[in-house]
Amino acid sequence: VITIVLINCAVYTTSNLVIYFFKYDFGGEGWYNSYTLFNTFGGAVQILSMMILFPLLRKFMGTIQVFYTGFAMAIIGYVVLLVLAFTNMSNVILLFVPGFFIFAANGVLTVLTTVFLANTVDHGNHRRDESVIFSMQTFVVKLASGVAALIASICLQICNLSNDTTDTAAFVTAATSSVVGLRMTMTILPIICLLCGIFIFRKKYILTE
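Procedures and definitions
Residues numbered from 1 in each chain as written. Predicted model: local features only at pLDDT ≥ 70, side-chain atom pairs only at ≥ 80, totals over all residues. Heavy atoms only, no water. Helix = DSSP H or I, 4+ residues; strand = E, 2+ residues; numbered from the N terminus. Rg over C-alpha atoms; globule rule 2.2 N^0.38 Å. Contact = heavy atoms within 4.5 Å. Buried < 20%, exposed > 50% of the residue type's maximum accessible area, 1.4 Å probe, protein only. Axes fitted to C-alpha atoms, helices over the stretch in contact; angles between N-to-C directions. Parallel < 35°, antiparallel > 145°, perpendicular 65-115°, else oblique. Left-handed = near helix turned anticlockwise from the far one by under 90°. 1 Å grid on protein atoms, 1.4 Å probe; cavity = no way out; pocket = protein on both sides within 12 Å on 5 of 7 lines; lining within 4 Å. Points joined across faces, edges and corners; volume = space filled by probe spheres on them. Nonpolar A, V, L, I, M, F, W, Y, C, P; charged D, E, K, R; others polar. Expected span 1.5 Å × (residues − 1). Bend = angle between axes of the 7 residues up to and from the residue.

Here we take up the overall build of the chain. Secondary structure assignment for the chain yields six helices and zero strands. Listed N to C, the secondary structure of the chain is α-α-α-α-α-α in terms of helices and strands. Taking 2.2 N^0.38 as the reference for a compact globule, 209 residues should give roughly 17 Å; the C-alpha atoms of the chain span a radius of gyration of 18 Å, in line with that estimate. The C-alpha extent of the chain, read off along each of the three principal axes, is 60 × 35 × 25 Å. Taking contacts inside the chain between residues at least 6 apart in sequence as the whole, the part at least 24 apart equals 81%.

As structure tokens, this is what we get:
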């Protein structure tokens with residue numbers, strides 16, 4: 001459950017802040033169109049990774065190995081996104097590269113956390129607690145959403161950025177320090193969450209194939 005919260009906090013933090021990244025950092029007159037295109041691409045990749053990428057990886061690896069592969073893909077995606085952000089690029093297609101890794105990893109991890117949560121029901125403790133255990137999945141998604149929203153609001157406050165995204169056509173500029181803070185929050189913080197998730201999962205999840 002802790003690992004699921006950390007994974008969801010990572011992806012939700014990025015999801016909440018990416019629109020401000022496009023507005024204040026990526027910029028340009030058509031920043032909202034670029035954001036919409038990127039969001040559509042990410043959603044499609046996430047769904048397809050559940051349907052195609054996960055079964056494909058499962059043919060060559062066990063579930064635990066696929067899980068760690070998903071973590072590695074997400075971290076690689078965040079690192080590439082951070083590097084691209086500091087190059088001041090203006091082509092949204094380039095952002096598809098880190099976007100693919102991050103959203104594909106999230107799709108794979110979503111499937112596997114559900115599988116691992118289900119496995120805990122049959123751990124052999126002579127009790128049937130599936131109703132409580134499965135209800136936790138909804139709870140942790142809500143919890144992670146709330147934490148990510150809090151992180152995003154604190155980031156915008158500290159970075160002195162407006163949360164108004166209704167002005168979709170205007171070219172918006174922001175202070176360099178504000179933009180750097182935004183970049184770091186939407187990439188470094190999720191990496192830290194994922195690394196903590198790996199550590200806790202590796203230490204506490206004792207079930208095998």
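Text resumes after the structure shown.
Turning our attention to the environment of Ser90. Mapped onto the elements, Ser90 comes out in the loop between helix 3 (63-85) and helix 4 (92-121). By relative accessible area, which is 62% here, Ser90 ends up exposed. Ser90 sits 83 residues away from Ile7 along the chain, and the two C-alpha atoms are 29 Å apart.

The subject of this paragraph is the packing of helix 3 against helix 4. When two helices pack together, their arrangement is given by the angle between their axes and by how far apart the axes lie. It is the contact of helix 3 with helix 4, at a shortest axis distance of 8 Å, that shows an interaxial angle of 150°. Between helix 3 and helix 4, the interaxial angle falls into the category roughly antiparallel. Crossing hand, helix 3 versus helix 4: left-handed.

Now for the layout of surface pockets. For the largest pocket, the calculated volume is near 410 Å³. Together, 18 residues line the largest pocket, and Val1, Phe116, Thr120, Lys204 and Tyr205 are the ones closest to its centre. Mapped by element, the contributors of at least two residues to the lining of the largest pocket are helix 1 (2-26), helix 4, helix 5 (130-158) and helix 6 (176-204). A per-element tally of the lining of the largest pocket places helix 4 first, with four residues. Looking at the lining of the largest pocket, its residues break down into 13 nonpolar, four polar and one charged. Size it by volume and the second largest pocket reaches roughly 160 Å³. As for the second largest pocket, its lining consists of Ile4, Ile7, Asn8, Tyr12, Gln46, Met50, Asn106, Leu109, Thr110, Thr113, Gln137 and Val141. Residue assignment for the lining of the second largest pocket shows that the elements contributing at least two residues are helix 1, helix 2 (31-60), helix 4 and helix 5.

Attention shifts here to the environment of Ile76. Mapped onto the elements, Ile76 comes out in helix 3. Note: C-alpha distance between Ile76 and Ile191 (115 residues apart in sequence) is 9.2 Å.

Now for helix 2. Given a rise of 1.5 Å per residue, 30 residues ought to cover 44 Å, and the 40 Å separating the end C-alpha atoms of helix 2 matches this to within 8%. The largest bend along helix 2 reaches roughly 50° and is located at Ser49. Inspection of helix 2 places Trp31, Ser34, Tyr35, Phe38, Gly42, Val45, Ser49, Leu53, Phe54 and Leu57 among the buried residues, and these make up the whole buried set. Contacts made by the buried residues of helix 2 are with helix 1, helix 3 and helix 4.

Unfilled space is identified by rolling a water-sized probe across the atoms. Inspection of the entire model under this criterion finds two cavities of 30 Å³ or more. Looking at the largest cavity, its volume works out to about 120 Å³. Of all elements in the fold, only helix 1 and helix 4 reach the threshold of two or more residues within the lining of the largest cavity. Broken down by element, the residue count for the lining of the largest cavity peaks at six residues, all from helix 1. Here the lining of the largest cavity is composed, by residue class, of ten nonpolar, three polar and no charged. By volume, the second largest cavity is sized at about 50 Å³. Of all elements in the fold, only helix 1, helix 3 and helix 4 reach the threshold of two or more residues within the lining of the second largest cavity. For the lining of the second largest cavity, the element with the highest residue contribution is helix 4, accounting for four residues.

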